[in-house]
Amino acid sequence: MSTNHTKNIRNIGFIAHIDAGKTTVTERVLFLAQRIHRTGEVHDGAATMDYLEEEQKRGITITSAATSCEWNNHSMNIIDTPGHVDFTIEVERSLRVLDGAIAVFDAVSGVEAQSETVWRQANRYGVPRICFINKMDRVGADFDSAVDSIRTRLGARPIPVQMPVGAEKQFEGVVDLVRMKYLKFIEDGQGHTYEELEIPEGIHEEAQLRQAEMVEAAAEFDEELLDLFVEDEDCPEELVLRALRKGTLEMELTPVFVGSALKHKGVRFLLDGVVDLLPSPLDIPPVQGVHPDTDEPAEREAQIDAPLSLMVFKTIAEQAGDLTFVRVYSGVLRSGSYVFNATADVRERATRILRMHANRREEVGELRTGDIGALVGARCLLLG
């Protein structure tokens, strides 16, 4: 059961250039997962994750904010990061503890300056990614151009797993290239409902060509799929997803999704992609460190029954005591237990443990392997 808990965790972050729409995507994710019951808009200063007064006034994200939700029996810890170049250090400290990321791009602008910066940061920390081409309903939206900019400017290998049907005001759905189904959006459905239809005759040939390109790329990472592809036989959905996931975890492929978050279009399929394609804590390499007793290099596997190891990645000074954000890599952190800080050579008691939802807090009894949370009033814990 402990292994299943960790296997079903996704620690993800949204990274992007300013105004690509990542905070809006996060808002729609929380709404779909029923973490919030109505959406607030960035331009109105009402987005859940932009809770600081300056963020609400300026309509931009200044500090990274953490939250969590559930989707398809998976627990997601989410960090929404700033897109402005002046706050790029917030992205840096978040990427250190994330297992996967969603890179959000504007369908009109494609890759922009800060897109390149955050992409390099994710490369530095070995964070696998999927992409979301947002704002497909804007005038001038061009899916293929945005994908091509990812290839040419970021040196990545983007693999569309969806094909948009229409663009600008005519953006009405996507073709799921894995399942070869037409998923038509329902206006005012707020992302909860959609129609699953057969692919229209007029775009069926294009969809087949795009599917062949996707499967050919995925087949490089799975011999069974490669044999079926070479023999021109049907490729089961499970095999294609398995191969795409392997290529994603090895950071050789970057699956691409498409939608319009503001209009609630395509975000639920992006969430499915997070579950299917991005890593759990069990998929990442063991965390490296130094044994406090011997000063020798040591590593910890992501196991609940292993000794406790965690990293402090952010501290916020508050009147009631510092709020210290932590990621647990192994073991269990329980309320009232002691934590040894190898850097300061001190032991400190974890008196209150919190799960964060932007600026709202929920006190919990423990954080287990793979969890992200916060401690209140820790005086000696330092940034890792």
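Conventions adopted
- Residues numbered from 1 in each chain as written.
- Predicted model: local features only at pLDDT ≥ 70, side-chain atom pairs only at ≥ 80, totals over all residues.
- Heavy atoms only, no water.
- Axes fitted to C-alpha atoms, helices over the stretch in contact; angles between N-to-C directions.
- Helix = DSSP H or I, 4+ residues; strand = E, 2+ residues; numbered from the N terminus.
- Parallel < 35°, antiparallel > 145°, perpendicular 65-115°, else oblique.
- Contact = heavy atoms within 4.5 Å.
- Nonpolar A, V, L, I, M, F, W, Y, C, P; charged D, E, K, R; others polar.
- Buried < 20%, exposed > 50% of the residue type's maximum accessible area, 1.4 Å probe, protein only.
- Pairing = 2+ DSSP bridges.
- Phe/Tyr/Trp six-rings, centres within 6.5 Å; stacked < 30°, edge-to-face > 60°.
- Patch = residues over 30% accessible without salt bridge, like charges linked within 9 Å, V, L, I, M, F, W, Y side chains within 5 Å.
- Areas by Shrake-Rupley, 256 points an atom, 1.4 Å probe, with all protein chains shown as cover.
- Salt bridge = Lys/Arg side-chain N within 4 Å of Asp/Glu carboxyl O.
- Lys, Arg positive; Asp, Glu negative; His and termini not counted.
- Charge placed at Lys NZ, Arg CZ, Asp CG, Glu CD.
- Core = buried A, V, L, I, M, F, W, Y, C linked by side-chain atoms within 4.5 Å.

Draft legend 1. Representation of the packing of helix α9 (residues 237-249) against helix α10 (residues 267-277). Across the interface, α9 lies against α10 with an axial gap of 9 Å and an inter-helix angle of 80 degrees. With respect to α10, the element α9 is oriented roughly perpendicular. For the pair formed by α9 and α10, the contact residues are L241, L244, R245, T248 and L249 on the first element and V275, D276 and L277 on the second. Of the residues in the contact of α9 with α10, the class split is five nonpolar, one polar and two charged.

Draft legend 2. Here's a closer look at the pairing of strand β3 (residues 74-80). When you tally the buried positions in β3, you get seven out of seven residues, the bulk of the element. Burial of β3 is two-sided: the residues H74, M76, I78 and D80 facing one way and the residues S75, N77 and I79 facing the other way are all buried. By the bridge criterion, seven bridges tie strand β2 (residues 65-71) to β3 in an arrangement that is antiparallel. The residue of β3 that forms the bridge with C69 is M76. Hairpin connection, β2 to β3: the antiparallel pair is bridged by two residues, and N72 has positive phi, about 50 degrees.

Draft legend 3. Structural context of the packing of aromatic side chains. Applying the stated rule across the entire model yields four aromatic pairs. For the ring pair F105 and W119, a centre distance of 6.3 Å and an interplane angle of 50 degrees mean the geometry is tilted. A residue pair is termed long-range when its members are at least 10 positions apart, and F105 in strand β4 (residues 100-106) and W119 in helix α5 (residues 113-124) qualify at 14 residues. Accessibility assignment for this pair places F105 and W119 in one class, buried. For the ring pair F171 and F185, a centre distance of 5.3 Å and an interplane angle of 65 degrees mean the geometry is edge-to-face. With a gap of 14 residues between them, F171 in the loop between β7 (162-165) and β8 (173-176) and F185 in strand β9 (residues 181-185) connect regions that are remote in the sequence. Note on accessibility: F171 and F185 belong to one class, buried.

Draft legend 4. Highlighting the sheet that holds β8. If you trace the four strands from one edge of the open sheet to the other, you get β7-β8-β9-β10, paired in antiparallel fashion. Of all the strands in the sheet, just β7 and β10 (194-197) have a single pairing partner and so form its edges. When strand polarity is set aside, the average angle formed by the axes of neighbouring strands in this sheet is 25 degrees. Where β9 meets β10, four bridges bridge the pair, whose relative direction is antiparallel. Residue pairing in the sheet places F185 in a bridge with Y194 of β10. Here helix α7 (residues 201-219) sits on the sheet in contact with β7 and β8, set at roughly 155 degrees to β7.

Draft legend 5. Expanded view of the sheet that holds β3. Across the sheet, seven strands lie side by side as β2-β3-β1-β4-β5-β11-β6; this open sheet has mixed pairing. In this open sheet, the two strands that pair with only one neighbour each are β2 and β6 (158-160). Ignoring strand direction, the axes of neighbouring strands in this sheet form an average angle of 30 degrees. Two strands pair when backbone bridges link them, and strand β5 (residues 129-134) and strand β11 (residues 254-258) are joined in this way by three bridges, in the parallel orientation. Bridge pairing in β11 links I133 to V258. Here α10 sits on the sheet in contact with β1 (9-16), β2, β3, β4, β5 and β11, set at roughly 170 degrees to β5.

Draft legend 6. How the structure looks around a negative patch on the surface. On the surface, E223, D227, E231, D232, E233 and D234 cluster together into a patch of negative charge. Locating E233 in the fold gives a position in the loop between α8 (223-230) and α9.

Draft legend 7. A look at unusual backbone geometry. Even without a glycine there, the phi angle at K135 is positive, about 60 degrees. Here K135 falls in the partly exposed class, since its relative accessible area comes to 22%. In this structure, M251 takes a positive phi of about 60 degrees despite not being glycine. Relative to the elements of secondary structure, M251 occurs in the loop between α9 and β11.

Draft legend 8. Region of interest: the pairing of strand β17 (residues 338-341). Burial along β17 is one-sided: V339 and N341 are buried, and none of Y338 and F340, which face the opposite way, are. Pairing of β17 with strand β18 (residues 346-349), which is carried by four bridges, proceeds in the antiparallel orientation. In the sheet register, Y338 faces β18, and the bridge partner there is R349. As consecutive antiparallel partners, β17 and β18 are separated by four residues, and within that stretch D345 has a phi angle of approximately 60 degrees, a positive value.

Draft legend 9. Molecular detail of the nonpolar core. Counting 53 residues, the largest nonpolar core has M76, I102, M214 and L244 as its most contacted members. In terms of residue count, the dominant contributor to this core is α7 (seven residues). In this structure L244 touches I159, V161, V178, M214, A218, L253 and L277, once residues within four positions along its chain are discounted. In terms of nonpolar packing, the next biggest core, distinct from the first, is built from 43 residues, V147, I150, V256 and F313 among them.

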